[in-house]
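# A look at the structure
Residues per chain are reported as follows:
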Amino acid sequence: MIAENSVQEVIARIDTVAVVNTYVHLDERNGRYVGLCPFHTEKTPSFNVNPDKNVYYCFGCGKGGSIINFVMEMEKTTFPETIELLANRFGIPLIHEDSGKPHLHKEIEEITELYRRVTVTFQYWLRERPDGRPALNYLLQRGLSREIIEAFQIGFAPADGYWLFQFLRAKGYSEELLNQRNY
Ligand SMILES: [Zn+2]
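Residues numbered from 1 in each chain as written. Predicted model: local features only at pLDDT ≥ 70, side-chain atom pairs only at ≥ 80, totals over all residues. Heavy atoms only, no water.

### Details of unusual backbone geometry
What you tend to see is this: most non-glycine residues have negative phi, and most peptide bonds are trans. Formally: Per the convention used, a helix needs a DSSP run of H or I reaching at least four residues, while a strand needs a run of E reaching at least two, with both numbered from the N terminus.
Phi at Asn-54 takes a positive value of approximately 55°, unusual for a residue other than glycine. Secondary-structure assignment places Asn-54 in the loop between strand 3 (47-50) and strand 4 (55-58). Backbone geometry places Lys-76, a non-glycine residue, at a positive phi of 55°. Tracing the backbone through its elements, the reader meets Lys-76 in the loop between helix 3 (67-75) and helix 4 (79-90).

Shown next as structure tokens:
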């Protein structure tokens, strides 16, 4: 799938008159471009191209649309194929992406970073904070060494159920991200 930015870039950068001229000979008349319509038979030009808006319109048969639609009609290509074709012609590099995945990837990275931070915070509570002391002593009594506690990233969560939320908000995490329940 071609990235939406790439599609917009192709539409912005192609030379509309040059593209249409490939298929229809255009003459300039007072800033307008006219030619014989490729979609119906005619002797006087009623096929118009507006390069400012990248659109075409035929006053003879009523056919019209964007420059991309025009090329699709002429080449019998799909929308992505047409974008590829025009990008090749004008040397515009295209960025491809998997549908929806870049966005999801960013979210997963954000959530992973969030979990890492929470883990480190709870480990700190267990090892350094007075509130965590009873829990640490309990673990040591049970025979877990400090190395094991470290290796398994064991932590201590404060009893206050709102503490973590407020802590993370203070660290700049959005309420929206913290409210997600999909992870
Ligand atoms: Zn026509």
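### Comments concerning the packing of aromatic side chains
Filter applied, for reference: Only Phe, Tyr and Trp rings are paired, with Trp represented by its six-membered ring, and only when their centres lie within 6.5 Å; those with planes under 30 degrees apart are stacked, over 60 edge-to-face, the remainder tilted. Think of it in three bands: residues with accessible area under 20% of the maximum for their type are buried, residues over 50% are exposed, and the middle band is partly exposed, with areas taken using a 1.4 Å probe on protein chains only. Whether a charge sits over a ring comes down to the Lys NZ or Arg CZ being within 6 Å of the ring centre and within 35 degrees of the ring normal.
Under the defined criterion, the tally for this structure stands at nine aromatic pairs. Here Phe-47 and Phe-70 contribute two aromatic rings whose centre-to-centre distance is 5.6 Å and whose plane-to-plane angle is 40°, an arrangement assigned as tilted. Separated by 23 residues along the polypeptide, Phe-47 in strand 3 and Phe-70 in helix 3 bring together distant segments of the chain. Judged on exposure class, the residue Phe-47 and its partner Phe-70 are both buried. A ring pair is formed by Tyr-57 and Phe-59, whose centres lie 5.0 Å apart and whose planes are at 80°; its orientation type is edge-to-face. Taking the relative accessible area as the measure of exposure, Phe-59 reaches 60% and is therefore exposed. Chaining the aromatic ring pairs together yields one cluster made of Tyr-23, Phe-39, Phe-47, Tyr-56 and Phe-70. Positioned above the aromatic ring of Phe-39, the side-chain terminus of Lys-63 is 5.2 Å from the ring centre. Here Arg-129 stacks its cationic end above the ring of Trp-125, 4.0 Å away from the centre of that ring.

### A closer look at the coordination of the zinc ion
How we decide: Donor atoms are limited to N, O and S found within 2.8 Å of the metal ion, a distance that becomes 3.2 Å for Na, K and Ca. With water left out, some sites might look partial. Irregular is the label for any site that misses the other tests, which are tetrahedral for four donors with all angles between 85 and 135 degrees, and square planar for four donors or octahedral for six when opposite donors exceed 155 degrees and the remaining angles lie between 65 and 115.
Surrounding the zinc ion are the protein donor atoms Cys-37 (SG), His-40 (ND1), Cys-58 (SG) and Cys-61 (SG), at 2.1 to 2.3 Å. For the zinc ion, the four donor atoms in the first shell make angles of 102 to 120° at the metal, a pattern classed as tetrahedral. Among the residues examined, His-40 registers a relative accessible area of 23% and is labelled partly exposed. Overall, Cys-61 belongs to the partly exposed group, its relative accessible area being 37%.

### Some thoughts on the nonpolar core
To be explicit about the condition: In this description, a nonpolar core means a group of buried Ala, Val, Leu, Ile, Met, Phe, Trp, Tyr and Cys residues linked to one another through side-chain atoms lying within 4.5 Å. Here, two residues are considered to be in contact whenever any of their heavy atoms come within 4.5 Å of each other.
With 24 residues, the main nonpolar core has Val-10, Val-20, Leu-26, Phe-47 and Phe-70 as its most contacted residues. Looking at this core, the elements with two or more residues in it are helix 1 (4-13), helix 2 (16-21), strand 3, strand 4, helix 3 and helix 4. The contact partners of Phe-70, leaving out residues within four places of it in the chain, are Val-20, Tyr-23, Val-24, Pro-38, Phe-39, Phe-47 and Tyr-56. In terms of nonpolar packing, the next biggest core, distinct from the first, is built from eleven residues, Trp-163, Phe-167, Leu-168 and Tyr-173 among them.

### A look at the side chain of Ser-46
Rules: Think of a polar contact as two N or O atoms within 3.5 Å of one another; within protein, one of them needs to be a possible hydrogen donor and the other a possible acceptor, and neighboring residues in sequence only count if both atoms come from side chains.
Within the secondary structure, Ser-46 sits in the loop between strand 2 (32-35) and strand 3. Polar side-chain contacts of Ser-46 include one of 2.3 Å to the side chain of Glu-42.

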